[in-house]
Amino acid sequence: MTRLSDFVRGRSMAELYDTYWVPACLDVFAHALAAHVAPGNRVLDLACGTGLVTGYASANAGKSASVIGYDATPDLLDAARRKRYDGADVELIEGFAEDMPFEDASFDVALCNQGLQYVIDREKTFEELKRVLKPGATFHASVWSSAKDQPHFGFLEDALAKHFGPEQKPIHAWSFGGCDELQRLAEGAGFTITRLEKKVLPARFESTQALVDIQLACAGRTDDDGTIAMGIVDLDDVSLLPAIDAFAADVRAALHRFEGENGLAATFASDEISCRA
Ligand SMILES: C[S@@+](CC[C@H](N)C(=O)[O-])C[C@H]1O[C@@H](n2cnc3c(N)ncnc32)[C@H](O)[C@@H]1O
C-alpha cells in the first residue's frame, strides 16, 4: 500500500470527486451556471457527472418543471441517481453528447459545466445541442482555462510533466482551447453568442496535500471507450514514491503563500459562453 492508495481507501471516483473536487472548485461555477435556469424551464444538464448542476437547475426550475441529466460514465450517473433533488423532476440518462436520444426542439435551456473538454467530437456535440434546443432557447457552458491563463494553479502542468513525464502536459481538463474555441464551435453550429468571458472564482482545498493527492489519484482522463476514468498515476506503484514526494514539495513551494488557517485558498479561471439557438 502507498500513501495514495491509502488516501483513496477504496473510494469510487464519484465519491472522491464529490468529496474533493466539487467543494474545492466546481461548486461555485456550477451554481453560477444554473442561475440561467428560470422557473418552469425544461433543462438539459449535459455531462452531468454526479449531478451537481442538475441539483441547482432542479431547484431553480421548480416543481412543475423537468431536468434531464445526461452523461456517458455509468458510475458517475449512478452517484447522481442516489441523490435527492428538491424541485423539478429529475431524470438521469446515460449516453454520449455526440448522439443525444432527445426530440428536436425539446429543451428551453442546456447547461454544461466542465464537460466539453472531454467530448470526442466537439462539432457534433454543438450540432446536437442546437437540434435539441427550442429556437431561441439558450446554452451556457464553462470550461477550465488553459494553464497559462490559470492565475494560481497553472504551474501544476509543468510540475506534473517534470515529475511524471511530458505526456502529462497539457492537463486534460485544461486543454479545451478557451473562448476562441467556444466561439468557433457555437458559431459553427449556428448559435448566436450573447456572452463570452473568462470567469475567475474562488477555489479552496482543505490543504495543499489534499490538492496533491486528489490531482494524482483522481484527475479525470478520457479512456478508449470515451468514458472518464480516474487518476494519472498508478496508486500502488512504489517506484513512483520519490517522484510523488518531489512533486508535492514543488506544489507546497508554489502555493505556501495561499495557505492559511482555513486551508489553501486561491482561484480558478474558466472560459464561459452563453448562446442562443
Ligand atoms: C469534470 S466532469 C463534470 C461533471 C459535472 N458537469 C459537474 O459539474 O460536476 C466531466 C463529465 O463529462 C462526462 N463526459 C465526458 N465525455 C462525455 C461525452 N462524450 N458525452 C457525455 N458525457 C461525457 C464525464 O462522464 C464526466 O461526468
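Within each chain, residue numbers correspond to sequence positions counted from 1 in written order. Only residues with pLDDT of 70 or above have their local features reported here, since the model is predicted, and side-chain atom pairs are shown and tallied only from 80 upward, although totals for entire chains, interfaces and linings are computed over all residues. Only heavy atoms go into the side-chain values, all of them from the structure, while hydrogens and water stay out.

**Quick word on the side chain of Ser 58**
Within the secondary structure layout, Ser 58 lies in helix H3 (residues 52–61). Classification of residues uses two cut-offs on accessible area relative to the type maximum, computed with a 1.4 Å probe and protein chains only: under 20% is buried, over 50% is exposed, and between them is partly exposed. Taking the relative accessible area as the measure of exposure, Ser 58 reaches 0% and is therefore buried. Runs of E in the DSSP output that reach at least two residues are strands. Runs of H or I that reach at least four are helices, and both are numbered from the N terminus.

**Quick notes on the site of the ligand**
For the ligand, the set of nearby residues contains 18 residues, the closest of which are Tyr 17, Ala 47, Asp 71, Thr 73 and Asn 113. Each polar contact in these results corresponds to two N or O atoms within 3.5 Å; when the atoms are within protein, one needs to be able to donate a hydrogen and the other to accept it, and residues that are neighboring in sequence are counted only if both atoms are side-chain atoms. Ala 47 is positioned with one of its backbone polar atoms (N or O) 2.7 Å from a nitrogen atom of the ligand. Here a nitrogen atom of the ligand and a backbone polar atom of Ala 97 are 2.8 Å apart. Residue polarity follows a fixed list, in which Ala, Val, Leu, Ile, Met, Phe, Trp, Tyr, Cys and Pro are nonpolar, Asp, Glu, Lys and Arg are charged, and the others, Gly among them, are polar. Counted by class, the shell around the ligand contains 11 nonpolar, 5 polar and 2 charged residues. In these notes, residues near a molecule or strand are those with any non-hydrogen atom within 4 Å of it.

**Section: the nonpolar core**
The tendency in soluble globular proteins is for nonpolar side chains to be buried as a group. Buried Ala, Val, Leu, Ile, Met, Phe, Trp, Tyr and Cys residues form a nonpolar core when they are joined through side-chain atoms within 4.5 Å. Of all hydrophobic cores here, the largest spans 62 residues; its most connected members are Phe 153, Trp 174, Phe 205, Leu 216, Phe 247 and Phe 268. Leaving out residues up to four positions away in the same chain, Phe 247 has contacts with Leu 156, Ala 159, Leu 160, His 163, Phe 164, Val 212 and Leu 216. Ranked by size, the runner-up nonpolar core spans 28 residues in total, among them Leu 46, Val 119, Ala 137 and Phe 139. Residue contacts are defined here by distance: any two heavy atoms, one from each residue, within 4.5 Å place the two residues in contact.

**Quick notes on helix H5 (residues 122–132)**
Within the span of H5, buried status applies to Arg 122, Thr 125, Phe 126, Glu 128, Leu 129 and Val 132. Buried residues of H5 fall within an arc of 160° about the axis and therefore sit on the same side. The N-terminus of H5 is capped by Asp 121, whose side-chain oxygen sits 3.3 Å from the backbone nitrogen of Glu 123. The arc in question is the one spanned by the directions pointing from the helix axis to the C-beta atoms.

**Structural notes on the pattern of salt bridges**
Think of a salt bridge as a Lys or Arg side-chain nitrogen and an Asp or Glu carboxyl oxygen that are within 4 Å of each other. Applying the stated criterion across every chain, the model contains 17 salt bridges. Put simply, Asp 104 and Arg 131 hold a salt bridge, and the shortest N to O gap is 2.8 Å. You can see Asp 104 sitting in the loop between strand E3 (89–94) and strand E4 (107–113) and its partner Arg 131 sitting in helix H5, a full 27 residues away along the chain. Look at Arg 131 and you get partly exposed, because its relative accessible area is 27%.

**Section: the packing of helix H8 (residues 208–218) against helix H9 (residues 241–255)**
In contact at an axis separation of 10 Å, H8 and H9 are set at 135° when each is read in the N-to-C sense. Accordingly, the angle class assigned to the pair H8 and H9 is oblique. The handedness of the crossing between H8 and H9 comes out as right-handed. Residues Thr 208, Gln 209, Leu 211, Val 212 and Leu 216 of H8 touch H9, and the partners they reach there are Ile 244, Phe 247, Ala 248, Val 251, Arg 252 and Leu 255. Angles here are taken between N-to-C directions and fall from 0 to 180 degrees, while the axes themselves are lines fitted to C-alpha atoms, restricted in helices to the stretch in contact. Angles are sorted into four bins: roughly parallel if under 35 degrees, roughly antiparallel if over 145, roughly perpendicular if 65 to 115, and oblique for all others. Left-handed describes a crossing in which the near helix is turned anticlockwise from the far one by less than a right angle; the clockwise case is right-handed.

**With respect to the environment of Tyr 56**
Looking at where Tyr 56 falls in the secondary structure, it is placed in helix H3. Excluding anything up to four places from it in sequence, Tyr 56 contacts Asp 27, Ala 30, His 31 and Ala 34.

**Quick look at the pairing of strand E1 (residues 42–46)**
Sheet faces and side chains relate simply in a regular strand, where the side chains alternate between the two faces. Counting buried residues in E1 gives 4 out of 5 residues, a clear majority hidden from the surface. Sheet analysis places E1 next to strand E2 (residues 66–71), joined by 5 bridges and oriented parallel. Counterpart to Val 43 in the pairing with E2 is Val 67. Think of it like this: strands point away, you trace from the first strand over the helix to the second, and a clockwise trace means the crossover is right-handed. The β-α-β motif built from E1, the intervening H3 and the parallel element E2 has right-handed crossover chirality. Pairing geometry for E1 and E4, over 3 bridges, is parallel. Paired with Val 43 across the strands is Val 109, a residue of E4. By this definition, two strands are paired if DSSP reports at least two bridges between them.

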